[in-house]
Amino acid sequence: MSIRAPRKGENYELSVDLNSEYKEKRKDAIKRVIASMTVGKDVSGLFPDVLKNMQTDDLEQKKLVYLYLMNYAKTQPELVILAVNTFVKDSDDPNPLVRALAIRTMGCLRAEKIIDYLCDPLQKCLRDENPYVRKTAALCVAKLYDLKPELVVDNGFLEQLQDMIADSNPMVVSNTVAALTDIHNAAAAQPSTSSSDPALFTITSQILSKLLIALNECSEWGRVAILNALSRYEAQDEKESEHICERVVPQFQHVNGSVVLAAVKVIMIHMRGIHREELIKQLVRKMAPPLVTLLSSPPEVQWVALRNINLLLQKRPDILSNEMRVFFCKYNDPLYVKIEKLDIMVRLANDNNVDTLLSELKEYSSEVDVDFVRKSIKAIGQAAIKIDSAAERCVNVLLELIATRVSYVVQEAVVVMKDIFRKYPSTYEGIIPTLCANLDELDEPEAKASLIWIIGEYADKIDNADELLGIFVDTFTEESYPVQLQTLTAVVKLFLKKPDSSQGVVQRVLNTATKDCDSPDVRDRAYIYWRLLSTDPGAAKAVVLAHRPPISIPRTTVAPALLEELLGEISSLASVYHKPEETFVGRGRVGADSVQRKVDIGEDQFSAQKALQTVAAGQQAENLLGEHFHIISLIFLMLTLSSLDFDDEPAGEGQPSGLAATQVLSSTPAAASLLAGTSANPLDDLVSIFGGSGGSLASPPSTSSFGGMPSFGGGSNNDLASAMLSPAIPAMSPAPAVSPAPPQQQAQKPEEDLLGLF
Amino acid sequence: MISAFFIFNQKGEVLISRLYRTDFKRSIADVFRIQVVSNSDVRSPIITLGSTSFFHVRINNLYVVAVTKNNANAALVFEYCYRFINICKSYFGKIDEESIKNNFVLIYELIDETIDFGYPQNSEIDTLKTYITTESIVSSAIAVEESSKITSQATGTTSWRRTDVKYKKNEAFVDVVETVNLSMSAKGTVLRADVDGHIQMRAYLSGTPECKFGLNDKLVIDKGERGSSDAVELDDCRFHQCVRLDEFDATRTISFIPPDGEFELMRYRSTSNVKLPLRVIPTVTEVGTSQVTYIVTVKTNFDSKLSATNVVLRVPTPLNTTTVDCKVATGKAKYVPAENVVIWKIPRIQGGQECTLSATADLTSTTTRQVWARPPIDVDFQVLMFTSSGLIVRFLKVFEKSNYQSIKWVRYLTKASGSYQIRF
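Residues numbered from 1 in each chain as written. Chains lettered and ligands numbered in written order. Predicted model: local features only at pLDDT ≥ 70, side-chain atom pairs only at ≥ 80, totals over all residues. Heavy atoms only, no water.

## Here's the deal with the interface of chain A and chain B
Stated formally: Note on contacts: a residue pair qualifies if any of its non-hydrogen atoms lie within 4.5 Å across the two residues. By buried area we mean how much accessible surface two parts lose on assembly, using a 1.4 Å probe and totalling the loss over both. Throughout this description, the term salt bridge denotes a Lys or Arg side-chain nitrogen within 4 Å of a carboxyl oxygen of Asp or Glu. Polar contact is defined as a pair of N or O atoms within 3.5 Å, subject to the rule that within protein one atom must be able to donate a hydrogen and the other to accept it, and that residues adjacent in sequence are counted only when both atoms are side-chain atoms. Secondary structure counts use DSSP, requiring at least four H or I residues in a row for a helix and at least two E residues in a row for a strand, with both numbered from the N terminus.
Facing 109 residues of chain A, the contacting portion of chain B comprises 94 residues. Interface area, chain A with chain B, both sides summed: about 8800 Å², of which 55% is carbon and sulfur. Ranking the residues of chain A by area buried against chain B places A:W221, A:Q253 and A:V255 at the top, with a combined share of 9%. Here chain A is connected to chain B by nine salt bridges. One salt bridge in this structure joins B:D116 and A:K143, with 2.9 Å as the shortest N-O distance. Remark: the boundary between chain A and chain B carries 36 residue pairs in polar contact (both at pLDDT 80 or more). Sorting elements by how many residues they give to the side of chain A that touches chain B places helix 8 (residues 131-147) of chain A first, with eight residues.

## Digging into the pattern of salt bridges
Operational definition: When a residue's accessible area, from a 1.4 Å probe over protein chains only, is under 20% of the maximum for its type it is buried; when over 50% it is exposed; and in between it is partly exposed.
According to the stated counting rule, one finds 55 salt bridges over all chains in the structure shown. Here A:E60 makes a salt bridge to A:K27, at a shortest N to O gap of 2.8 Å. With A:E60 in helix 4 (residues 59-72) and A:K27 in helix 2 (residues 23-38), this pair connects stretches of sequence that are 33 residues apart. Of the two residues, A:E60 and A:K27, both sit in the buried class. Between B:E264 and B:R267 there is a salt bridge; the shortest N-O distance is 3.0 Å. For B:E264, a relative accessible area of 23% puts it in the partly exposed group. Accessibility expressed as a relative area gives 33% for B:R267, which makes it partly exposed.

## Observations concerning the UniProt feature "domain: Clathrin/coatomer adaptor adaptin-like N-terminal" (unreviewed entry) in chain A
Put simply, the rule is: UniProt positions are given in the numbering used here, feature names are shortened, and annotations may be inferred rather than shown by experiment.
UniProt tags residues 9-536 of chain A as "domain: Clathrin/coatomer adaptor adaptin-like N-terminal" (unreviewed entry). Secondary structure across residues 9-536 of chain A divides into 70% helix and 0% strand, with the first and last C-alpha atoms of the span separated by 88 Å.

## Quick notes on helix 5 (residues 77-90) of chain A
Residues and elements named next belong to chain A. Selection criterion: To estimate how far a helix should reach, multiply one less than its number of residues by 1.5 Å. Throughout, the bend at a residue refers to the angle made by two axes, fitted to the seven residues ending there and to the seven starting there.
The end-to-end C-alpha separation of helix 5 is 20 Å, in line with the 20 Å expected for 14 residues at 1.5 Å each. Within helix 5, the axis deviates most sharply at A83, by approximately 35°. Taken residue by residue, helix 5 has V80, A83, V84, T86, F87 and D90 as its buried positions. Contact partners of the buried residues in helix 5: helix 3 (47-51), helix 4, helix 6 (96-109) and helix 7 (112-126).

In structure tokens form, the structure reads like this:
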């Protein structure tokens, strides 16, 4: 039977055949109907004809008709009634396969009219003597709940399911658990559900012991369902947690990867309740080999396992400490597996294995897939930053890679070198000439920006720095914005370090950036530098050449609370994406009442909500950093506007008119309050002008409040402009000489953002 | 759980579509076609759009796709997809567009039997074959007794075995099959060598036999309990669901009631003391930009009574190769331009022997000189009666009520396919 191309009047032909007097012809016609249905043709018009073929001894034909019904029952609710009789009769058939089939199909019909007829047969089938029928009926309750929850509650099906957990057949138990969990999830998703709703499936210690017994006997999929239920159980005491772990550990040896991961999940959750160090050690040790074995599964399963191993390593970095070799990429691994393996290899890197890792990464750098090569080179840089003692070897490998002169390899290596320079300032200056020699090969903005940053940073040690930067200044307007920003900063650095030789180039870049550049970011930064340089070179030095905090590789990529939550959901989509469920399952679940309920659950349960907030707060902070820069720029812009002659030489702006500035500022209410001195925190008010929330910004100490502001830097500009300027400067610069101690910590971030901008 | 299950062909046409929950319309299939099938740059097996996630597995130009709308168990979904593929292979011999189209009725029966409301159900191939067959079953009074037997088997504690199995001759065949994975660096150091082994058993035993299985005396399973250096160490092992895991955990005995017929009893992994049956020593030199010369020697590393068969070496050549001149004393070697490799096939190498290939590849000159990535040399082979891990089956005991005698056969095979790689 093949899928045929559409013909004219096909439905008519089918209907004739469906009514044929020959049995074989009718069956063949049904198959053709199903074939059309599969390819998406509308055969709903044949409903009555198909229905006639429902009464049959042929089990295969019956299944086909049922398949048709499941697809079209919704569109023909009136006609479905005609099928009810057969269903009810079938559910009484002496053959258990037929009984199960009838009850399975009825649950899938999803037509209002038929539901009421479903309850009686379902009642009977739940008590059927045959376990196959019972396990099918158990799931049918979940289907019914999905359609009409009241009906399930009213008919007492929930109580029956609760009783069936004690069933003698393990498959019935596991399907019952699956059904109860499904109902629980559906009920929990409803905001109106109270905590005493009968649909919620609470696992008591009686249920626990039954589940533990069934666990060893049921099918692989059943084990996953039961293990999932076990992970939701809240252990009463430490002894119980230990007991659960002991019973679950043998599941690590199961051939099905999802059973292994489900067992890992249960262990990770119940291990929280265990305090005996040696037992925890033993459990973790037993967990490692099965995890490694998952790497010989098919690539998709492998990938899921790798993503989860990545999470587990963030919680317990020692878990696979001696197993780095198994994560080496095979040449024919799919890219998504390779990239995940790279990440894990860097996590596992330590003093002892870094040499093997480096030679492996070097090998990868000569492969064909550009993405993979880049990631491998990045990994070299991460290894260098992670392990201090290996940094030199990493740099040597990078130099070897640069020597290959393959464009994308060189570019990525330069980007990585920039990070190494940040971590180990002035350690590897010797290689700068090699990097600069490759200047012409760089065509990607990130690589260019990185090299420019390096040149700017070490401008005093590079003899021809002005020459090199001059190349970029010449092509300034053609470059992309990140490169422009870097060029600007680097030239200013150069000027501050070697003022004599670079007067011309800094003039040129500031002119081009303020006049010919269409990006407000670049232009505003140029204005800031210009103003800084012209008013107070000392302050400029403090800002531009400030000491940068060292970078490090974070041990975790997710917030601690989120990590705990994800470890409780191992092998689920959330753990694969490393994101809480709410971020990709949109059901409007994050309502106020759901937050309330989650808090009710208990303090030591890390609620998803909390994790979400953490994430949100992080994002907000990021936004603020960005905003911050704009705000500062805007202050400068205002100042510039307030000066009488816009196009004047910077030096000419030495005495901006204080009155004009006042007028501009007082036109906004917040500024008015600022001028009136009602707020102790001028920056807050400025922020409020631009709609940001100032609370989490670096708040200047009270000494820098508006009124009591001492003169800044040189002390000659004791006017409004400098008073305006000074609260902003401490916020963006950690320069100890200028700003008082308290804001430094917070202030470093915006500064880093401002200058790093990578 | 799984809300919908699809099979697409390479063009993105729907071959099989089954919706389990109402949260989807059939048109969801179009979304997959646009986002995955016609997208040339798919870099993850799971695609999430909005709150819908598509899990896909590619096999022989088919897409096996499961769709979910909640925080589904990703490992379970993929394991199910692969189980489905195995079921199809076992039923139709292969899985491709043609076999799916020709058997779509059977496939609908199979997926409805193995998933209910999105939850995977019994998927033991042997059991499925008893009641889902290519010939139609007629439900009549006679079949009733039979079906209740089937159903109790499908749900029971030994869902994998019928009770009324009878054989005249009671036999059990044990095949120990090991796949060696090797990655060797250009300098000849072993970067990674491990063995994926599985023990395949064919049991033709009457009644409900209780089997006990014994491996090497010096077997160490679990690296913590360090054994002596000559011991066979298994890093990890996994068992068919018939093996009592709790018993293994407590006393390290492998005891089980086997399914009837063929099944995989055990899978294991070993990384220590791996014996490499073949050693490949490549010398590859790039002569200027126009030539590459190869001398590749294969040495055997096992007893002279044994032999390696079906040895296939795939020696990569640069992309701009025009012709390759190969000289071999044993086997046949030829250049395959489509794959940029020289394929050297040796039907048999006796233990203690060695073979050499010498070849010269001529290259065309290219304007942009790109560095040759030098992919590794890949070796496929089979060695009978040899295990890389050193694993040996010591005994297989069968106990049955009727106390019959049974004959047991053990075979060993070590092979490599696609993951025995030597860099140069």
